[in-house]
Amino acid sequence: MNGSASASAMDVDQAQEEEDRFLAFVDYARSALSLEPEEDQDQAPNGNGTEASGPGWSWIASRILKTCIAYSSGVTTAILLSDLSQAWNGQHRARAPKKRPECINQLKKKHKRTKLPNTITIDSIYERNFLSLSSVLEVVIVDAFSLPGTNIYMLTLGDFWSSNTIDLYLHRRYYDLADPQNGILKKGREIFLTGCYLRTATEGSGFPRLLPTEYLVILLDEEEDDDAMLLGAQFCSDSFSSISLDAVNKGVSFSLYARIESIGLLEIPGRFSTLQGKQITLVDNDGVKFNFLLWGEQVLLANLFSVGSMLALDRPYIASSVESSIETSDEFCLEYGSATQLYLVPFIQHEEQVCVALTQNRYQGPRLLNPLDSSQDPKVSQVSLPCDSRGSIDFRDYPFQSFVIDLRDKMTGISLYGVVTDIIKDKHAEEAIFSLRIEDTTGVIWAKLHFAKSWSLGRLNLGHTVYISGLTCSMSKKKCLEALWFENDSGSSFFNLSNLPALLNSSCLHKLSKLCDLSGQTSSTQICRVWLDQITHCHVNTKYSHAHCGHFVNKTPSGVMVCSFCHYNCDAEVMRTFHLKITLADETTKVFTWCTGQTAAELLQISPDEFYELPEEEQVMYPSSLENEKFMVAIVNCKNRQGHGDNGGLIPENDDVSWEITRALKCE
């Protein structure tokens, strides 16, 4: 349901005239970081032949909002730029090794695959003197040797992003592969590791080493003759169809080669606890599917796999489905046995040339204070973005802001900045699913939010300005474009800027508006300096709200508390809150508004419980003491302009009041 709601160029121009200081600061920060010297000269050029540099738009926006949460009392330009610079340089310091071993330099020339999500660099191990079990090392063997006077094999490892190398004590299950004459674990071979323990320098020799790990995968390259011969000689004679009960009972070992189709969680309910594992679905060249199961600590191995890669399993343990206690129509499944060895031909994520939409070049927003000459900015017509085996293009590192008008099917890693104009709870789904109608300056789209358990984003209402990342665009059953968001997916985040405590005290992220500037067409969050007026017309009431979402609850005839937003029974999750209607004034006009929660408590300078305990006559008199008190406030237009409430959408809590105060801060 993509905005056929697309705005005309004139509408967009008008919207851009009302400068959004948050967007302006993101563009300013992106320009500043892009001008920092790049140490790594190996970066791939973009579509115009110029080198891509600096972080993507969504990375900067997310980092700014995370910093605002960390500095709830407010941020400055210096704080934000310092944090952005340190975070970016710290994250990418390993891109610029001073000197790598020559064998790594040779491999790096044809290195095209994308880093795995949990990958860390060898340099970072030295910097932090720490290594978690779930970390992944994508490394190259620089040297293989045995310790003098022993049969202990050691591998010296380097990676594409580090200047340091580190030694690994090889696990004995791989000793036959480290033979100096015929072994595959030799100089120049790429491997993936996980489940590693770090022996720090203080525990033995003067430098850290990695202790043996069973979780090692050897990388193969089908374009290399030796690797192609290995695959053809060892892994092409067996297939999933050749596995039989008779062969298994006779102890026949198999060497299998298949594509990874999916990687998912696996839970087997037990008497006292649930056994958790990972289920990797494999498809061989005949199209036959088989499950490869990992249990207990073995699940770490799944961190080394990616969908689309080819997995070669030498001597997997073959278990019956009954033995593995999983519900499947297959008679057998594969497991990681004590003799199993794994080889991987990684899926190379091809890049797709994406044309930069007209929206990006025309509406990047003004530079904050114009400290940088925008005429010097590179004019980009195309950028290269990763494309997976299903043809989906990953926009996580897209250098520009994404707009609704530019969204298409099979786009992933999308971030959107806009205003919520409707919210619908899916009452028929077993899990917690909410649909948000998000509007930006170019159009509208429905975003379907999937939560692991229940709503977890705090109070959200119509008119609130939000930033959401980790969206995937796809066509719905009704052939409409929709955006999907999953709470636990990597890269998923959600920020409600209208409720952000730091916003009011961060002048670099907002500009002050006058109350006379508010109109029915106002959509974004407005920051105003006001005082409380006409206190005699003030309405103060206390109600119960749902602690999870901050919305009011209704009491059913049977006495059960039901949330008006989540539609859950929430008797044990309610808290007393304010329902306040009050007049704000400045030098230009007066506006009747409403608020609830912490915002109302800040304006009234008393908690809901304390107010409730006051005698009734004192409750009536209390607001009069606040006449002319001055505040900085964030105000949004909460009127449901779309009229979806009758169709299951969010019904406004104050249909007679158009303006909600989402945040307030007393002026000294």
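Structure first, text after, so check above.
Residues numbered from 1 in each chain as written. Predicted model: local features only at pLDDT ≥ 70, side-chain atom pairs only at ≥ 80, totals over all residues. Heavy atoms only, no water.

Caption draft 1: Summary view of the overall build of the protein. Per the secondary structure count, the protein includes 13 helices and 31 strands. When the 668 residues of the protein are sorted by exposure, 50% land in the buried category. Nonlocal contacts in the protein, meaning residues at least 24 apart in sequence, comprise 68% of its contacts between residues at least 6 apart. For the protein, the computed accessible surface area is about 32,000 Å², with 49% contributed by carbon and sulfur atoms. (Helix = DSSP H or I, 4+ residues; strand = E, 2+ residues; numbered from the N terminus. Buried < 20%, exposed > 50% of the residue type's maximum accessible area, 1.4 Å probe, protein only. Contact = heavy atoms within 4.5 Å. Areas by Shrake-Rupley, 256 points an atom, 1.4 Å probe, with all protein chains shown as cover.)

Caption draft 2: The arrangement of the nonpolar core in detail. Within the largest apolar cluster, 64 residues are counted, with the highest numbers of intra-cluster contacts made by Leu157, Leu185, Ile191, Leu282, Phe292, Phe305 and Leu334. Apart from the residues within four sequence positions on either side, Leu282 is in contact with Phe240, Ala258, Arg259, Ile260, Val288, Lys289, Phe290, Phe292, Leu311, Leu313 and Leu334. Grouped together as the second largest cluster of nonpolar side chains are 42 residues, Cys387, Phe395, Ala432 and Ile445 included. (Core = buried A, V, L, I, M, F, W, Y, C linked by side-chain atoms within 4.5 Å.)

Caption draft 3: How the structure looks around unusual backbone geometry. One non-glycine residue, Lys479, adopts positive backbone phi at about 65 degrees. Within the secondary structure, Lys479 sits in the loop between strand 21 (465–475) and strand 22 (481–486). Note on Lys479: relative accessible area 67%, which makes it exposed. One non-glycine residue with positive phi stands out, namely His567, at about 65 degrees. Its relative accessible area of 36% is what places His567 among the partly exposed residues.

Caption draft 4: Region of the structure containing the packing of aromatic side chains. Scanning the model with the defined rule gives 20 aromatic pairs in all. Considering the side-chain rings of Phe451 and Trp485, the 5.8 Å spacing of their centres and the 65 degrees angle between planes classify their relative orientation as edge-to-face. Placement of the pair is Phe451 in strand 20 (residues 444–451) and Trp485 in strand 22, with a sequence separation of 34 residues. On the numbers, 5.5 Å between centres and 70 degrees between planes, the contact of Phe578 with Phe611 is edge-to-face. Of this pair, Phe578 sits in strand 28 (residues 574–585) while Phe611 is found in helix 12 (residues 608–613), placing the two residues 33 residues apart along the sequence. Taking relative accessible area as the criterion, Phe578 reaches 0% and is therefore assigned buried. With relative accessibility at 3%, the residue Phe611 sits in the buried group. Through pairs of rings, three or more aromatic residues link up here, namely Phe434, Phe451, Trp455, Trp485, Phe494 and Phe565. Just above the ring of Trp161 sits the side chain of Lys115; from NZ or CZ to the centre is 4.4 Å. (Phe/Tyr/Trp six-rings, centres within 6.5 Å; stacked < 30°, edge-to-face > 60°. Lys NZ or Arg CZ within 6 Å of the ring centre and 35° of its normal.)

Caption draft 5: Examining the pairing of strand 19 (residues 432–439) more closely. For strand 19, the tally of buried residues reaches seven of eight residues, placing the bulk of the element in the interior. Taken together, the six bridges between strand 18 (residues 411–425) and strand 19 define a ladder with antiparallel strand orientation. Looking at the pairing, Ile423 lines up with Leu436 of strand 19. Once strand 18 ends, the chain turns through six residues before running back antiparallel as strand 19. Two elements, strand 19 and strand 20, share eight bridges in a ladder whose sense is antiparallel. The partner of Arg437 across the bridge, within strand 20, is Trp446. As consecutive antiparallel partners, strand 19 and strand 20 are separated by four residues. (Pairing = 2+ DSSP bridges.)

Caption draft 6: Seen up close, the packing of helix 2 (residues 21–34) against helix 3 (residues 57–70). Between helix 2 and helix 3, whose axes approach to 10 Å, the crossing angle comes to 115 degrees. As helix 2 packs across helix 3, the resulting crossing turns out to be right-handed. Of helix 3, the residues touching helix 2 (which contributes Phe22, Leu23, Phe25, Val26, Asp27, Ala29, Arg30 and Leu33) are Trp57, Trp59, Ile60, Ala61, Ile64 and Leu65. (Axes fitted to C-alpha atoms, helices over the stretch in contact; angles between N-to-C directions. Left-handed = near helix turned anticlockwise from the far one by under 90°.)

Caption draft 7: View of the pairing of strand 28. Judged by how many residues are buried, strand 28 sits mostly within the fold: nine of twelve residues are covered. Summarising the sheet, strand 24 (residues 526–533) and strand 28 pair through three bridges and their orientation is antiparallel. Bridging across to strand 28, Trp531 finds its partner in Ala585. Where strand 25 (residues 539–546) lies against strand 28, eight bridges are found, and the strand directions are antiparallel.

Caption draft 8: Here's a closer look at the side chain of Gln298. Mapped onto the elements of the fold, Gln298 is located in the loop between strand 10 (289–295) and strand 11 (310–314). Owing to a relative accessible area of 18%, Gln298 belongs among the buried residues under this scheme. Excluding residues within four positions of it along the chain, Gln298 makes contact with Tyr215, Leu293 and Tyr336.

Caption draft 9: Spotlight on the pattern of salt bridges. As enumerated under the stated definition, the model contains 14 salt bridges in all. Notably, a salt bridge pairs Lys289 with Glu261, separated by 3.0 Å at the nearest N-O pair. Residue Lys289 is found in strand 10, and its partner Glu261 is found in strand 8 (residues 255–269); the two are separated by 28 residues along the sequence. Owing to a relative accessible area of 44%, Lys289 belongs among the partly exposed residues under this scheme. Between Arg576 and Asp609 there is a salt bridge, with the nearest N and O atoms lying 3.3 Å from each other. Here Arg576, found in strand 28, pairs with Asp609, found in helix 12; they are 33 residues apart in sequence, far enough to count as distant. (Salt bridge = Lys/Arg side-chain N within 4 Å of Asp/Glu carboxyl O.)

Caption draft 10: Up close: the environment of Ile218. Among the structural elements, Ile218 can be located in strand 7 (residues 216–219). Given the relative accessible area of 1%, Ile218 is considered buried. Sequence-wise, Ile218 and Phe192 are 26 residues apart; in three dimensions their C-alpha atoms are separated by 6.5 Å. Leaving out residues up to four positions away in the same chain, Ile218 has contacts with Leu177, Ile184, Leu185, Arg189, Glu190, Ile191, Leu342, Tyr343 and Leu344.

Caption draft 11: Structural detail: the environment of Met632. Among the structural elements, Met632 can be located in strand 30 (residues 630–637). Owing to a relative accessible area of 10%, Met632 belongs among the buried residues under this scheme.

Caption draft 12: Main features of the side chain of His551. As for its placement among the helices and strands, His551 is situated in the loop between strand 25 and strand 26 (553–555). By relative accessible area, His551 is classed as buried at 1%. At 2.8 Å, the side chain of His551 forms a polar contact with the backbone oxygen of Leu460. (Polar contact = N/O pair within 3.5 Å; in protein donor to acceptor, adjacent residues only side chain to side chain.)

Caption draft 13: Just the state of the cysteines, in detail. For the structure on display, the rule yields zero disulfides. Cys538 takes part in no disulfide bond, and the closest cysteine sulfur, belonging to Cys595, lies 8.9 Å away. (Disulfide = S-S within 2.5 Å.)

Caption draft 14: Focus on the environment of Asn461. Inspection of the secondary structure assignment puts Asn461 in the loop between strand 20 and strand 21. Once the C-alpha coordinates of Asn461 and Gly550 are considered, the two residues, 89 residues apart in sequence, prove to be 9.7 Å apart. Once residues within four sequence positions are removed from consideration, Asn461 is found in contact with Val420, Ile423, His551, Trp594, Cys638, Leu650, Glu653 and Glu660.

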